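# Summary of structural features
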Amino acid sequence: MSGLNETPSGNRVHIGIFGRRNAGKSSIINAVTGQDVAIVSDVKGTTTDPVAKAMELLPLGPVKIFDTPGLDDEGELGHERMRRSLQVLNKSDLALLIVDGTEGLGDLELELIEKFKDKKTPYLVVYNKIDLMSEERLAAVKAGPRVPTDIYVSAVTGEHIQELKEMIAQMAPEDEKFQLVGDLLSPSDLVVLVIPIDKAAPKGRLILPQQQTIRDILEADAMAVMTKEYELRETLDSLNRKPRLVITDSQVFAKVSADTPKDVQMTSFSILFARHKGSLEELVKGVKAMERLKDGDKVLISEGCTHHRQCDDIGTVKIPRWIRQNTGKQLEFEFTSGGTFPEDLEQYSLIVHCGGCTLNEKEMKYRIRMASRQNVPITNYGILIAYMQGILKRSLEPFPAIAMYLDDED
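Right, let's walk through the structure included here. (Residues numbered from 1 in each chain as written. Predicted model: local features only at pLDDT ≥ 70, side-chain atom pairs only at ≥ 80, totals over all residues. Heavy atoms only, no water.)

## Brief notes about the overall build of the protein
Helix and strand content of the protein: 15 helices and 14 strands. Within the protein, buried positions represent 53% of all 410 residues. Of the contacts made within the protein by residues no fewer than 6 positions apart, 74% connect residues no fewer than 24 positions apart. Carbon together with sulfur atoms contributes 48% to the accessible area of the protein, which is approximately 19400 Å² in total. (Helix = DSSP H or I, 4+ residues; strand = E, 2+ residues; numbered from the N terminus. Buried < 20%, exposed > 50% of the residue type's maximum accessible area, 1.4 Å probe, protein only. Contact = heavy atoms within 4.5 Å. Areas by Shrake-Rupley, 256 points an atom, 1.4 Å probe, with all protein chains shown as cover.)

## With respect to the environment of Glu303
Following the sequence through the fold, Glu303 ends up in the loop between β11 (298-302) and α11 (314-327). In the structure, Glu303 is positioned 13 residues away from Thr316 in sequence and 9.9 Å away in space, judged by C-alpha atoms. Side-chain polar atoms of Glu303 contact the side chain of Tyr381, separated by 2.8 Å. (Polar contact = N/O pair within 3.5 Å; in protein donor to acceptor, adjacent residues only side chain to side chain.)

## Observations regarding the pairing of strand β10 (residues 265-268)
Across a regular strand the side chains alternate sides, sitting on one face of the sheet and then on the other. Relative to β10, strand β9 (residues 245-248) runs parallel, the two being bridged by four bridges. Bridge assignment links Val246 to a residue of β10, and that residue is Met266. Of the crossover connections in this fold, the one passing from β9 over helix α8 (residues 253-259) to the parallel β10 is right-handed. (Pairing = 2+ DSSP bridges. Right-handed = clockwise from strand over helix to strand, strands pointing away.)

## Looking at the side chain of Glu109
Summarising the element assignment, Glu109 is placed in helix α3 (residues 107-118). Owing to a relative accessible area of 2%, Glu109 belongs among the buried residues under this scheme. In terms of polar contacts, Glu109 uses its side chain to reach the side chain of Arg20, at 2.7 Å. Glu109 has contacts with Arg20, Leu97 and Val99, leaving out every residue within four places of it along the chain.

## Quick word on the pairing of strand β13 (residues 350-353)
Burial along β13 is two-sided: Leu350 and Val352 facing one way and Ile351 and His353 facing the other are all buried. With four bridges connecting them, β11 and β13 associate as parallel partners. Directly across from Leu300, in β13, lies its bridge partner Ile351. Of the pairings in the sheet, the one linking β13 to strand β14 (residues 378-380) comprises three bridges and is parallel in character. In the sheet register, His353 faces β14, and the bridge partner there is Asn380. Regarding the hand of the β-α-β motif, the stretch spanning β13, helix α12 (residues 361-373) and β14 is right-handed.

## Let's talk about a negative patch on the surface
On the surface, Asp131, Glu159, Glu163 and Glu166 cluster together to form a negatively charged patch. Along the chain, Glu163 turns up in helix α5 (residues 161-171). (Patch = residues over 30% accessible without salt bridge, like charges linked within 9 Å, V, L, I, M, F, W, Y side chains within 5 Å. Salt bridge = Lys/Arg side-chain N within 4 Å of Asp/Glu carboxyl O. Lys, Arg positive; Asp, Glu negative; His and termini not counted. Charge placed at Lys NZ, Arg CZ, Asp CG, Glu CD.)

## Here we look at the pattern of salt bridges
A full pass over the atoms with the stated rule returns 14 salt bridges. Between Glu334 and Lys298 there is a salt bridge, with its nearest N and O atoms 3.4 Å apart. Of this pair, Glu334 sits in strand β12 (residues 332-336) while Lys298 sits in strand β11, and the two are 36 residues apart along the sequence. With a relative accessible area of 22%, Lys298 lands in the partly exposed category. Within this structure, Lys91, Glu363 and Arg367 form a network of salt bridges that share partners.

## Quick notes on the packing of helix α6 (residues 208-219) against helix α9 (residues 269-277)
Contact geometry of α6 with α9 gives a least axis separation of 10 Å together with a crossing angle of 75 degrees. It follows from the interaxial angle that α6 and α9 lie roughly perpendicular. Residues Pro209, Gln210, Gln212 and Thr213 of α6 touch α9, and the partners they reach there are Phe269, Leu272 and Phe273. Broken down by class, the residue content of the contact of α6 with α9 amounts to four nonpolar, three polar and no charged. (Axes fitted to C-alpha atoms, helices over the stretch in contact; angles between N-to-C directions. Parallel < 35°, antiparallel > 145°, perpendicular 65-115°, else oblique. Nonpolar A, V, L, I, M, F, W, Y, C, P; charged D, E, K, R; others polar.)

## Some words on the sheet that holds β11
For sheets, the rule is that strands pair by backbone hydrogen bonds, running either parallel or antiparallel. Across the sheet, four strands lie side by side as β12-β11-β13-β14; this open sheet has parallel pairing. Two strands in the sheet have a free side with no partner beyond their single neighbour: β12 and β14. Shown here is a sheet whose adjacent strand axes are inclined to one another by a mean of 25 degrees, direction ignored. Packed onto the sheet, helix α13 (residues 381-388) meets β11, β13 and β14 and runs at close to 85 degrees relative to β14.

## A closer look at the packing of aromatic side chains
If you walk through the whole model with that rule in mind, you get three aromatic pairs. Consider the rings of Phe18 and Phe116, whose centres lie 5.8 Å apart with planes at 55 degrees: the pair is tilted. Of the two residues, Phe18 is situated in strand β1 (residues 13-19) and Phe116 in helix α3; the sequence distance between them amounts to 98 residues. Take Phe18 and Phe116: they sit in the same class, and that class is buried. Grouping aromatic residues by their ring pairs yields a cluster made of Phe18, Phe116 and Tyr123. (Phe/Tyr/Trp six-rings, centres within 6.5 Å; stacked < 30°, edge-to-face > 60°.)

Below you can see the structure in the form of structure tokens.
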């Protein structure tokens, strides 16, 4: 369970570990972290699926490390494992290519380096097992194909592991100040958060978007007031001044809009995450596809997290029901969650994504880019709900450039 003091998965630096079977990927992870994070074996293919571990990696800080199966795996099952390994690259802020130093770079490694470059992913080439290499062999490998960012290490003896950790810290993306809403606020501003407490709400805690928004408000030296949707009007009346902003759960958008004075700006947690993690303009454009849906069209509902489904689940029940009611069309719905996201999107007429609070920015933007490249409109929960309830323009008032875009389109 994520707490207010923990770094959420989506805000950690994601490090993908790639390479052939038995190159020592798992051993390198254990050596770098100083923990038995990954299973180590002399048997090729011990790691059969990508395995993720969140931790603190000094001198870098909070990270999420992905240990992947060998990219030289064989057979139909091996091909599927390789496909899953390459999917990790879509979320990796930094890639480590582990090479068996006794063998050096081969065609597979050179192809993978090209994939890193194509996806604009910073990478390190780590030559492992130098403890098994003679001086002549080490000199020969160093004389072969090289890249500017490579290092020779031994996971067994620990040689140059500290240097590797320092290189990882230097090459990882700089930690930008996390802001969901803070840039819209001034010190002492008042923000009202509308948080429904119903059967879908987790017992004893707030969900991640709510936690992160509260923290960001406090970081901006502003003040957060929380209330339920049926108490919003009373809450606003009890305040001695107008709030700068009202932020609501998208499921109660209509009621919150009705109870919030027109001279107070209003938006949703989901829309804030659309701006923070992806491309708000692209997702606003995508919602227009609602007007073009026809009987028999397929709609993909995709969530970044996995959670226990309630009987009236927002993604699998409510949104499909609302879309059918709004369009009057007989539509087909498909669902994905967690790290699963289809590569072939052309079969869909619309993609509706969650806010992506558990995904890092790179993966969320990758998913949006994949949809754009295949000419498939994509939007998110909050934007879709606001659009269907006729309050999208109002919910975008805190973002004038996007609101102006809607005026131009209409």
